[in-house]
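Descriptive structure summary
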Amino acid sequence: MSGLLSLFRLLEGPQTFGRGPAFWSLFGVVLVVACTYPLFSDGYTVGNTVYFFVWVFIALSLCLIWGYGGSLSFGETAFFGIAGYGYGILTINFGSAYGFTLVALVLAIAIAALVALLLGYFMFFGRIAGVFLGIVTLAVTLMLERFMAQTAGPEWHIGTARLNGFNGMSTMPPLTIPWPGEPIVLFADVGLYYVVLGLLVLVYLGLRILMNSSFGNVIVAIRENPERAEMLGNDVRKYRLITFVIGAALAGLSGVLYTVWGQYITPSSMGMTAAALPLIWVAVGGRSDLTSTLIGTLVVLAVFQALTIYGSQYALIFMGVLLVLTVLMAPNGLVLEAMNWLGRLAARYWRRTN
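Reference entry: report on the structure contained in this document. Keep in mind that what you see is a predicted model, and the values were worked out from it rather than measured. (Residues numbered from 1 in each chain as written. Predicted model: local features only at pLDDT ≥ 70, side-chain atom pairs only at ≥ 80, totals over all residues. Heavy atoms only, no water.)

With respect to unusual backbone geometry
Rule in force here: A run of DSSP states H or I qualifies as a helix once it reaches four residues; a run of E qualifies as a strand once it reaches two. Both are numbered from the N-terminal end.
With a phi close to 60 degrees, tyrosine 98 is a non-glycine residue in the positive phi region. Structurally, the position occupied by tyrosine 98 is in the loop between α4 (76-94) and α5 (100-124).

Some thoughts on the nonpolar core
Here is the rule: Here, nonpolar core means buried Ala, Val, Leu, Ile, Met, Phe, Trp, Tyr and Cys residues that are tied together by side-chain atoms lying within 4.5 Å of each other. Relative accessibility thresholds used throughout: buried, under 20% of the residue-type maximum; exposed, over 50%; partly exposed, between the two (1.4 Å probe, protein chains only). Contacts between residues were defined by any pair of non-hydrogen atoms, one from each residue, lying within 4.5 Å.
Grouped together as the largest cluster of nonpolar side chains are 96 residues, with contacts concentrated most on Phe79 and Trp281. If sequence neighbours within four positions are ignored, tryptophan 281 has contacts with Trp55, Ile58, Ala59, Gly296, Thr297, Val300, Leu301 and Met319.

Overview of the pattern of salt bridges
If charged atoms from side chains of opposite charge come close, those side chains can pair. Heads up, the condition is: Salt bridge, as used here, is a side-chain nitrogen of Lys or Arg placed within 4 Å of a carboxyl oxygen of Asp or Glu.
Taken as a whole, this structure holds four salt bridges when the rule is applied. Among the ionic pairs, arginine 146 bridges to glutamate 145, the shortest N-O distance being 3.2 Å. Classification of arginine 146 as partly exposed rests on a relative accessible area of 41%. A salt bridge links arginine 223 to glutamate 224; the nearest nitrogen and oxygen atoms lie 2.8 Å apart. Take arginine 223: its relative accessible area is 28%, and that puts it in the partly exposed class. For glutamate 224, a relative accessible area of 55% gives the class exposed.

A word on the packing of helix α8 (residues 214-224) against helix α10 (residues 236-262)
This is how it is decided: All axes are obtained by fitting lines to C-alpha atoms, using only the stretch in contact for helices, and the reported angles, taken between N-to-C directions, cover 0 to 180 degrees. Convention used here: angles under 35 degrees read as roughly parallel, angles over 145 as roughly antiparallel, angles from 65 to 115 as roughly perpendicular, and any remaining angle as oblique. Note on convention: the crossing is left-handed when the near helix lies turned anticlockwise from the far helix by less than a right angle, right-handed when the turn is clockwise. For this classification, the nonpolar set comprises Ala, Val, Leu, Ile, Met, Phe, Trp, Tyr, Cys and Pro, the charged set comprises Asp, Glu, Lys and Arg, and every other residue, Gly included, is treated as polar.
One way to put it is that α8 packs onto α10 with a least axis distance of 10 Å and a crossing angle of 110 degrees. By the angle class used here, α8 and α10 are roughly perpendicular. Considering the relative orientation of α8 and α10, their crossing is left-handed. Along its contact with α8, which presents Phe215, Val218, Ile219 and Ile222, the element α10 presents Val236, Tyr239, Arg240, Ile242 and Thr243. Looking at side-chain class alone, the contact of α8 with α10 contains seven nonpolar, one polar and one charged residues.

Concerning the packing of aromatic side chains
How two aromatic rings sit relative to each other is set out by the distance from centre to centre and by the angle between their planes. Test applied: When two rings of Phe, Tyr or Trp (its six-membered ring) have centres within 6.5 Å they constitute a pair, described as stacked for plane angles under 30 degrees, edge-to-face for angles over 60, and tilted for the intermediate range.
The full count for this structure, using the stated rule, is 22 aromatic pairs. Judged by centre distance (6.1 Å) and plane angle (80 degrees), the rings of tyrosine 51 and tryptophan 55 are edge-to-face. Pair noted here: tyrosine 51 and tryptophan 55 are both in helix α3 (residues 43-68), with a separation of four residues, about one helical turn. In this structure tyrosine 51 comes out as partly exposed when scored by relative accessible area, which is 21%.

Side note on a positive patch on the surface
So the rule is basically this: Patches in this entry comprise residues that are over 30% relatively accessible and not in a salt bridge; like charges within 9 Å are linked, as are nonpolar side chains (Val, Leu, Ile, Met, Phe, Trp, Tyr) within 5 Å. For accessible areas, the Shrake-Rupley method is used with a probe of radius 1.4 Å. Any residue's cover is judged against the shown protein chains and nothing else. Neither His nor the chain ends is counted toward charge; the positive residues are Lys and Arg and the negative residues Asp and Glu. The location of each charge is read from NZ of Lys, CZ of Arg, CG of Asp or CD of Glu.
Positive charge collects at one region of the surface, where Arg344, Arg348, Arg351 and Arg352 lie side by side. Position of arginine 352 relative to the elements: it lies in helix α13 (residues 334-353). The exposure class assigned to arginine 352 is exposed, which follows from its relative accessible area of 68%.

In short, geometric facts, not functional conclusions.
Here it is as structure tokens:
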């Protein structure tokens, strides 16, 4: 019981925004609205909302690695693609019977995490840091995207799964949960919505606990001053590597859920544009806080999709302008600055009325 209480206490701390009854009451209201939303919407709109939720995981991974850890990585879309292709290869070869899609989901994420472990070991124990870390991860991402784009021939296959080059892989089965009588197939509809929403809540709360723990405090200390953190007896390389692997696993989860949602995955999901967009979401939201990253990603994604539909030629230009304005006007993030302002306003009002 004391261990559970300690975990609950870690939901609030200096490394995350929001604490006290007011914040958690608002969190509860938002969660209730999210849970009841499918009751008042159609299946297509609910499925489109799942698409938004899927991308939040990769944004949270970048928030962890870049915002809290101070390591700018362009490699999250590489792990996104590795896990997405991994899920496709496994399920096309072995099918969806007996809940194998759930096993494939876990294995695909584990593959992405293993690749991150190998890459991160050579980077962090080789003392690669700063801008060079971004260059290495970007190079790995672009090389992987170029390689997968050239696998169009029939000779490029793993078992019965064709890689298909630029066209990507498709027709992989959706998530299937074994159930007495008939398995539950989670297409891009209400069922998948609730699964992804549940995962998103668990990941968000889990990351809050992680970042307010001693591990999170060390990660932030390394970001602020790695030399001082090392002088205090912390193995900076090990902490950075662990953070990198956790972030890769989250990006892998995003990739698998994207593949499950659309039942396809293409090399373009690892391209330059795909690698840059999460950076914009996280920068606009506020890279040093989980809540602002979550909110910022959903808001910017909604705006970006609207622009893509009604003015596709301006969508990427808008994203670039938004990033420049954020860096110049609110380097800590537009959403985080707004949240801090509202927090100060609420605190002033509370002092006046009490």
